[in-house]
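Each chain is listed here by its residues.
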Amino acid sequence: MLISIESVIHQAISDVSHELRKLSLEIHDNPETALEEKHACYVLSRYLESKGYKVEQGIGGLETAFVATYISTSGDSGLNIGFCSEYDALPLIGHGCGHNLIAISGVAMFLALSKVLDTCSVSGTVKLFGTPAEEAKGGKIVLQKQGVFEGMDLLMMVHPSAAFCGNWHSQASLSMTVEYFGKSAHAAMSPWDGINAGSAATIALQTIGVMREQLKPDWRAHGIIADGGQVANVIPDYSRIEYTIRTGWSGELGILRTRILRIFEAAALATGCTHKVKEEHAYLDNLANPVLAEMYDDIMSVKYHKQPDCNVGGSTDFGNLSHSFITLHGMYDLAGTGVPNHSKEFAKDARTKEAHERTLFAAETIARIAARCLADKEFWSKVQQAHKDM
Ligand SMILES: [Zn+2]
Ligand SMILES: [Zn+2]
C-alpha cells in the first residue's frame, strides 16, 4: 500500500517538474516584498486553476493570500491536511531566502496529495495555503487570527537552508519601528536651538551594544538606523530605527522586549526628543512534531548520506501555527555549499537546477509523510500522542 502511494507521489511531482521550474523562475525574476506579492499570487493561482482546482484569492483580508482546496471523491471524512507556500522576497536581495522554491514546493505537495486522494482509496481534504509576508508583517499570523486555518489536522511546509533538519526549533522574534521627534536647527549658526533626533537613534544603538554583554547565547538584537537625518548642516528633527529582537523561547521574548523598550525610551529622555514605537506581530518559536520530524530526517539522511543539522538560527511565522496545530517545518539543504540565507549568493543558488531538484525531493518527502498520516492510522495516533506530550 505505502510503496504504491510513494510511487504515485513521485510520479505526480515528476510530471509537473518542468512546469514548476518555470513558475519558480518567474517568481524569482520578479521579486516582490511582503504584501506586495501580486504577481506571484497571480501566477500560482492561475497555474492551480489551469490544473482544474478551485482557488480562492484574498483570504483572511490579505490581498496576496490564497487557498486551493481538493476533497477526495470518496468524501471529506479523512484528515484535513494543509501545505503552505511562501513567495515574498527581501528588499534589495530578492529571493535570498528562496521563497520562489517554497512557492513551488507547496504546489508540488498539493498536487501529489490530491493524486493520492484520487487514486489510492483514502479520503480526506488537502489545501494549499498561499501565505504572503513571511519575511515581515507575519502573514500567517494574520491568517491564523482570521481563522483561515481552522479545522486543519496537520500543517506542513519546507524551507531551503544550508542544512536539512526536521526538528527545527526557530527563535521567537519581534520587529519594531522606533521614531524619534526632535527640533531642527542650523548645525553651525544655532545648533543649541535644536533637539537632535539622530543623536537619540545613535544613543539607542550604542546602549543596546552595551546591553549585549548580558544577552543569552541564543538571543539576538539587530537593527538599522533607517533614517538618521538628511543633510550634515541641519540638526535632524526626525530619525527612525528598524529593530528586531529574538530569543530561543517565546516565553523569553517579553523579558528582552522590556529591556529594549526601556533603552529606546532612555535615548529619548537623554536627548529631549519624544518617541513612538510600533511593534509588529511577534513570531513564536517553532515546535516540530517529533514523530513527523523523525520520519523527515530518516528519508533525508538516506538520500544525502548525512545526519540532520538543526543548528540554524532564524524565525518564522509558521512557528505561531506550531503552537496550535500538529505541524512540520522541514529545512533542506539548498545547494550543498553552506551558503547562508539572506545573502545574494543564496538568491543566486535559489535559481539553479540543483536547487530545483532538491526542492522537489523535500516536497516529495513531506508529501510521503502527509500520505502516511492519511493512510496509516497507527502512525497518525503516534503523531497525535506526541503532539499531546509536547
Ligand atoms: Zn528569510
Ligand atoms: Zn524564508
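Residues numbered from 1 in each chain as written. Chains lettered and ligands numbered in written order. Predicted model: local features only at pLDDT ≥ 70, side-chain atom pairs only at ≥ 80, totals over all residues. Heavy atoms only, no water.

(A) Spotlight on the state of the cysteines. What the rule picks out here adds up to one disulfide. There is a disulfide in this structure between Cys165 and Cys310, and the S-S distance comes to 1.9 Å. As the torsion about the S-S bond is roughly 95 degrees, the Cys165-Cys310 disulfide counts as right-handed. Placement of the pair is Cys165 in the loop between strand E5 (154-161) and strand E6 (172-181) and Cys310 in the loop between helix H7 (290-304) and helix H8 (318-322), with a sequence separation of 145 residues. On the basis of relative accessibility, which here comes to 0%, the residue Cys165 falls in the buried class. Note on Cys310: relative accessible area 32%, which makes it partly exposed. (Disulfide = S-S within 2.5 Å. Helix = DSSP H or I, 4+ residues; strand = E, 2+ residues; numbered from the N terminus. Buried < 20%, exposed > 50% of the residue type's maximum accessible area, 1.4 Å probe, protein only.)

(B) Representation of the coordination of the zinc ion (ligand 2). Within the protein, the atoms that donate to the zinc ion (ligand 2) are Cys97 (SG), His99 (NE2) and His159 (NE2), at distances of 2.0 to 2.4 Å. Between the zinc ion (ligand 2) and the zinc ion (ligand 1), a separation of 3.0 Å is found, and both are coordinated by Cys97. Of the two residues, His99 sits in helix H3 (residues 99-119) while His159 sits in strand E5, which places them 60 residues apart along the sequence. (Donors = N, O, S within 2.8 Å, 3.2 Å for Na, K, Ca; no water.)

(C) Up close: the coordination of the zinc ion (ligand 1). Ligation of the zinc ion (ligand 1) by protein atoms is provided by Cys97 (SG), Glu135 (OE), Glu135 (OE) and His342 (NE2), these donors lying 2.0 to 2.7 Å from the ion. Coordination at the zinc ion (ligand 1) is irregular, judged from the four donor atoms that bind it and the angles of 53 to 147 degrees they form at the metal. Within one chain, the residues donating to the zinc ion (ligand 1) are spaced in sequence as C-x37-E-x206-H. (Tetrahedral: all angles 85-135°; square planar, octahedral: opposite > 155°, others 65-115°.)

(D) The domain arrangement of the chain, seen in detail. Each assigned domain of the chain is listed with its residue range as follows: domain 1 (2-170 + 284-389) and domain 2 (172-279). Taking only C-alpha atoms, the centre of domain 1 and the centre of domain 2 are 37 Å apart. Every contact between the two is made by eight residues of domain 1 and, on the other side, six residues of domain 2. Counting the surface domain 1 buries against domain 2, the share from its top three residues, His169, Asp285 and Ser315, is 66%. Taken together, the links from domain 1 to domain 2 amount to three residue pairs in polar contact (both at pLDDT 80 or more). (Domains from an automatic or database assignment. Contact = heavy atoms within 4.5 Å. Buried area = accessible area lost by both parts, 1.4 Å probe. Polar contact = N/O pair within 3.5 Å; in protein donor to acceptor, adjacent residues only side chain to side chain.)

(E) Quick look at the UniProt feature "domain: Peptidase M20 dimerisation" (unreviewed entry) in the chain. The feature "domain: Peptidase M20 dimerisation" (unreviewed entry), as given by UniProt, occupies residues 173-266 in the numbering adopted here. Helix makes up 34% of residues 173-266 and strand 33%, whereas the separation of the span's terminal C-alpha atoms amounts to 22 Å. (UniProt positions renumbered as here; feature names shortened; annotations may be inferred.)

(F) View of the sheet that holds strand E4 (residues 124-130). Read across the sheet, six strands follow the order E1-E2-E4-E3-E5-E12 without closing on themselves; strand pairing throughout is mixed. At either end of the open sheet lies a strand with only one pairing partner, and these are strand E1 (54-57) and strand E12 (326-333). Pairs of neighbouring strands in the sheet enclose a mean axial angle of 20 degrees, with direction left out of account. Relative to E12, E5 is paired through eight bridges, and the arrangement is parallel. Note that in E12 the partner of Ser161 across the bridge is Asp333. In the packing of helix H10 (residues 353-375) onto the sheet, contacts are made with strand E3 (79-85), E4, E5 and E12, and the angle to E5 comes to roughly 160 degrees. (Pairing = 2+ DSSP bridges. Axes fitted to C-alpha atoms, helices over the stretch in contact; angles between N-to-C directions.)

(G) Looking closely at unusual backbone geometry. For Ala133, which is not glycine, the phi torsion reads 55 degrees and is therefore positive. You can see Ala133 is positioned in the loop between E4 and helix H4 (139-145). In the Ramachandran plot, His305 falls in the positive-phi region, its phi being about 50 degrees despite a non-glycine side chain. Positionally, His305 belongs in the loop between H7 and H8.

(H) Expanded view of the sheet that holds strand E8 (residues 220-227). Across the sheet, four strands lie side by side as E8-E10-E6-E11; this open sheet has antiparallel pairing. If you trace the sheet from one side to the other, it starts and ends with E8 and strand E11 (274-279), each paired once. Going from strand to strand, the sheet's axes swing by 20 degrees on average, the running direction of each strand aside. With respect to the sheet, helix H5 (residues 197-211) is in contact with E6, E8 and strand E10 (238-247), its orientation differing from that of E10 by roughly 20 degrees.

(I) How the structure looks around the nonpolar core. Core analysis: the biggest nonpolar cluster contains 76 residues, and Leu20, Leu48, Phe83, Phe110, Leu292, Tyr296 and Leu328 have the highest contact counts within it. Excluding residues that lie within four positions of it along the chain, Leu48 makes contacts with Tyr53, Val55, Phe66, Ala68, Val107, Phe110, Leu111 and Leu128. Core analysis: the second largest hydrophobic core is formed by 26 residues, Ala197, Leu215, Ala221 and Leu253 among them. (Core = buried A, V, L, I, M, F, W, Y, C linked by side-chain atoms within 4.5 Å.)

(J) Representation of the pattern of salt bridges. Counted by the stated rule, this structure contains 15 salt bridges. Residues Asp333 and Lys306 are paired through a salt bridge, measuring 4.0 Å at the closest nitrogen-oxygen approach. With a gap of 27 residues between them, Asp333 in strand E12 and Lys306 in the loop between H7 and H8 connect regions that are remote in the sequence. A residue is classified by how much of its surface remains accessible, and Lys306, at 47% relative accessible area, is partly exposed. Residue Glu354 is joined to Arg358 by a salt bridge in which the shortest nitrogen-to-oxygen separation is 2.6 Å. Here Arg358 and Glu354 lie together in helix H10, a separation of four residues that amounts to about one turn. (Salt bridge = Lys/Arg side-chain N within 4 Å of Asp/Glu carboxyl O.)

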